[in-house]
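Structural overview for review
The primary structure of each chain is shown beneath.
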Amino acid sequence: MSEILKYLTQTGNIKKLVTMLSMFILLLTSGFPLFAQQQRFPKPEFESGYTQPVTSMPEARADFYAWFDVLILVIALSLITWLILKKRSRRGVLAMSVFSILYFGFFREGCICSVGSLQNVTLALFQPEYSIPISALAFFVIPLVYTLFFGRTFCAGVCPLGAIQDVLLLRPVTMKTWLQKVLGLIPYIYLGLSVLYAATATDFIICRYDPFVGIYRFDATFFMFTIGAIFLLLSAFVARPYCRFFCPYGVLLNWMSRFSKHHLTITPNKCIQCRLCEDSCPLGAINKPVPVKVMEDRPSATKRFIRLSLIIPLLMILGGWTLSNFHENLAKVNTKVRLANELMLFKPDVMLPSVEIEAFKTAGTPVQELYSEAAVIVEQFYLGAWILGGFLGLVFGLTLSSLSVFKYREDYTPDKAECVSCARCLKYCPVER
Amino acid sequence: MAEKGKNRRDFINTCFRFAAGASLVGVTGVLAHKTVSGNTLWQIDTTKCTQCGRCATSCVMTPSAVKCIHVYDMCGYCDLCGGYLRPNVKNITTGAENQLCPTGAIKRKYVEDPFFEYEIIEDLCIGCGKCVKGCGAFGNGSLQLQISHDLCVNCNQCAIARDCPSDAFSRVPADEPYKFSGFKKEQKD
Ligand code: SF4
Ligand code: SF4
Ligand code: SF4
Ligand code: SF4
Ligand code: SF4
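Residues numbered from 1 in each chain as written. Chains lettered and ligands numbered in written order. Predicted model: local features only at pLDDT ≥ 70, side-chain atom pairs only at ≥ 80, totals over all residues. Heavy atoms only, no water.

Per an unreviewed UniProt entry, chain B carries the name Ferredoxin and comes from Ancylomarina euxinus.

An unreviewed UniProt entry lists chain A under the name 4Fe-4S binding protein, with Ancylomarina euxinus given as the organism.

Attention shifts here to the overall build of chain B. A count of helices and strands for chain B gives three helices and seven strands. When its helices and strands are written in sequence order, chain B yields α-β-β-α-β-β-β-α-β-β. Taking 16 Å as the expected radius of gyration for a compact globule of 189 residues, we find that chain B reaches 26 Å, considerably beyond that expectation. For chain B, buried positions account for 53% of its 189 residues. (Helix = DSSP H or I, 4+ residues; strand = E, 2+ residues; numbered from the N terminus. Rg over C-alpha atoms; globule rule 2.2 N^0.38 Å. Buried < 20%, exposed > 50% of the residue type's maximum accessible area, 1.4 Å probe, protein only.)

On to a positive patch on the surface, then. On the surface, a cluster of positive charge is contributed by Lys 181, Arg 258, Arg 298 and Lys 407 of chain A together with Lys 6, Arg 8 and Arg 9 of chain B. In terms of residues, the positive patch owes the most to one element, helix α1 (residues 2-32) of chain B, which gives three residues. Here Arg 9 of chain B lies in helix α1. Using a relative accessible area of 32% as the deciding quantity, one classes Arg 9 of chain B as partly exposed. (Patch = residues over 30% accessible without salt bridge, like charges linked within 9 Å, V, L, I, M, F, W, Y side chains within 5 Å. Areas by Shrake-Rupley, 256 points an atom, 1.4 Å probe, with all protein chains shown as cover. Salt bridge = Lys/Arg side-chain N within 4 Å of Asp/Glu carboxyl O. Lys, Arg positive; Asp, Glu negative; His and termini not counted. Charge placed at Lys NZ, Arg CZ, Asp CG, Glu CD.)

Attention shifts here to the site of ligand 2. Every residue near ligand 2 is listed here: Leu 264, Cys 281, Pro 282, Ile 286, Pro 414, Cys 419, Val 420, Ser 421, Cys 422, Ala 423, Arg 424 and Cys 425 of chain A. Of the residues in the shell around ligand 2, the class split is ten nonpolar, one polar and one charged. (Near = heavy atom within 4 Å. Nonpolar A, V, L, I, M, F, W, Y, C, P; charged D, E, K, R; others polar.)

Okay, the UniProt feature "transmembrane region" (unreviewed entry) in chain A next. All names here are of chain A. Within this structure's numbering, the places UniProt gives as "transmembrane region" (unreviewed entry) are residues 64-85, 92-117, 137-161, 182-200, 220-239, 305-323 and 381-406. As a span, residues 137-161 carries 84% helix and 0% strand, and end to end its C-alpha atoms are 19 Å apart. The distance from the first to the last C-alpha atom of residues 182-200 is 28 Å, and the span holds 84% helix and 0% strand. (UniProt positions renumbered as here; feature names shortened; annotations may be inferred.)

Turning our attention to the interface of chain A and chain B. Opposite the 69 residues of chain A that make contact, chain B presents 66 residues. Approximately 5,900 Å² of surface area, both sides summed, lies buried where chain A meets chain B, with 60% of it carried by carbon and sulfur atoms. At the boundary of chain A with chain B, the tally comes to two salt bridges. Those elements giving two or more residues to the side of chain A that touches chain B turn out to be α3 (33-38), α6 (114-126), β1 (132-133), α7 (134-150), α12 (205-208), α16 (248-258) and α20 (355-363) of chain A. Looking at which element gives the most residues to the side of chain A that touches chain B, the answer is α6 of chain A, with seven residues. In terms of residue class, the side of chain A that touches chain B is made up of 37 nonpolar, 15 polar and 17 charged. (Contact = heavy atoms within 4.5 Å. Buried area = accessible area lost by both parts, 1.4 Å probe.)

On to the confidence of the model for chain A, then. All names here are of chain A. Of the residues in chain A, 90% reach a pLDDT of 70 or more, and the chain-wide mean stands at 86. Highest mean pLDDT in chain A belongs to helix α11 (residues 186-199) (96); lowest belongs to α3 (45). Scored below 50 in pLDDT, residues 23-37 makes twelve contacts in the model with residues more than four places away or belonging to other chains. (pLDDT = per-residue confidence, 0-100.)

Turning our eyes to something else, we now look at the site of ligand 5. Every residue close to ligand 5 is listed here: Trp 42, Cys 59, Val 60, Met 61, Ile 147, Cys 152, Val 153, Cys 155, Cys 158, Ala 159 and Ile 160 of chain B. Of the residues contributing to the shell around ligand 5, the split by class is eleven nonpolar, no polar and no charged.

This paragraph deals with the nonpolar core. Formed by 100 residues in total, the largest nonpolar core has its most connected members in Phe 212, Tyr 242 and Tyr 249 of chain A. For this core, the element with the most residues is α7 of chain A, which contributes ten residues. Once you skip the residues sitting within four places of it in the chain, Phe 212 of chain A turns out to touch Leu 161, Ile 164, Gln 165, Gly 228, Phe 231, Leu 232 and Tyr 242 of chain A. If you look at the next biggest cluster of nonpolar residues, it comprises 35 residues, including Val 89, Cys 135, Leu 145 and Phe 169 of chain B. (Core = buried A, V, L, I, M, F, W, Y, C linked by side-chain atoms within 4.5 Å.)

Residue and element names in this part refer to chain B. With omega at -10°, the peptide bond leading from Thr 62 into Pro 63 counts as cis. Within the secondary structure layout, Pro 63 lies in the loop between α2 (54-58) and β3 (66-70). Along the chain, Asp 113 connects to Pro 114 via a cis peptide bond; the corresponding omega equals -5°. Counting through the fold element by element, Pro 114 comes out in the loop between β4 (106-112) and β5 (115-120).

Below you can see the structure in the form of structure tokens.
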């Protein structure tokens, strides 16, 4: 005992003890206590006065900017709505488009955008463990609310994807109506698929195949860059090809805009049926007047209604059944399902393990666990494929019926659903305010 | 007749507008308590990463936003560094043929006998993880792959996350943006 005390009281040793103790406490409190125990080669104690560099941990963009983006979105939407509905100024829309391309596009590098946010919302609705950032929710809801009141002013010049196509439009060609209708079905399919894949936490396909985000970042795979370039080239002749024939968020805006309260009108006053604006819309979104004599009479309308109410459910069931047959193919996109498939087919003696299989083996998860997880996901896809097929059947049926129905209309009006409020047609109207 | 039709249509329109508005409010309401107010960032769980090499190729940025980050606190300052040198090198020199890193992004600096400091030159690192694997296998595992948040554009869906075979990516709260680990997994050589 006295030996130990004597040993301890030697000044040099006390110093050592104190340093050791303080080192120990420091280690415990510094948040790296585990490092010390686990190392093969302990960290040396330097004698040359060497100072260890700091481990670099660069900061991310501050949270504050996410709110700033939402603020900018609201301001931009309010401004462009005012420019369109009150000022009726195409030049204003153009200026806003340029601003959006610069800010939401090049400066913010195209992320997060409203189009993609629809997947975050879906994921949050279906996966309990995912919490959605408020800014993503705001980017999803705010344009829809504006559209419900004022038409698709968001598309006119706030959406960076729409804006970049719009400013490039040089020589619009007119498209056959049937072609426009057929291609116009693609967004519904795209919307359905992206919801299916987001709901099953498989992938965000809208983000993966966003043609313009690579251009905004000056960085993309060759494949995506080519697609982006094709879309941009196409935009010179076909007005907004992505908007009209792909954009899944556009479908939601389309629905909202149909019921919008204060949608843009071509004439500032009363339409005099002069036909000057008839062909002015590059999107083919101007509805011509329908004279009373083209309208069908009551009995034939009733008959058509009965026919539709039979055909549409039939189409829905057919669609659901067809797609549900392909649910396993749809599910293959999911990494877990793919890995489970791969493992089932894997023969260790004849095949080299893929990177996935090797990583799975390293992680040491029981195979059975993976299989049951994959089975649950495939089950979700089965249900999802039925719903998606039914939805597509409904859309198909309604599109068919809309081709045969004529609503009474006296004036030239923008088609509220298709019109993106670009304000190009306004200057063709000779009527004074 | 036209007037009547128009009135009816207006009425239906209003009904639908309210329905659409209500569904928007509904979605927002349902999600309102599922939101995180702060931003979240993508990060690699270093305990899960198997250094497959996809971090170098899958990122939407070129070069990748994933970098090797040196946790100096864990480093043994070894002369024979498993992260710096190729396995079975004849003589320990800084010759390019001896270096594991394909881009020569690691700087070896003499500190004092027999210790060396290894510094990652971030501009050169492509995040391939070769050195991380080497350090994990032969050394302390002080080299770790992490997303460098000044380079990452925080994609809505990280392109590497869906390619990562080890499921190592997840979103982390912005106030704890790095996920270094002190645990050393036993690696098969
Ligand atoms: S249709 Fe889609 S891509 Fe086009 S402007 Fe509207 S939201 Fe943007
Ligand atoms: S504002 Fe006029 S030109 Fe522009 S999309 Fe609408 S109808 Fe067409
Ligand atoms: S992709 Fe995953 S396993 Fe591969 S190096 Fe990156 S984090 Fe590691
Ligand atoms: S080996 Fe790869 S990860 Fe390590 S420093 Fe070099 S480039 Fe970066
Ligand atoms: S979030 Fe995007 S930029 Fe960041 S690491 Fe992933 S792919 Fe790269």
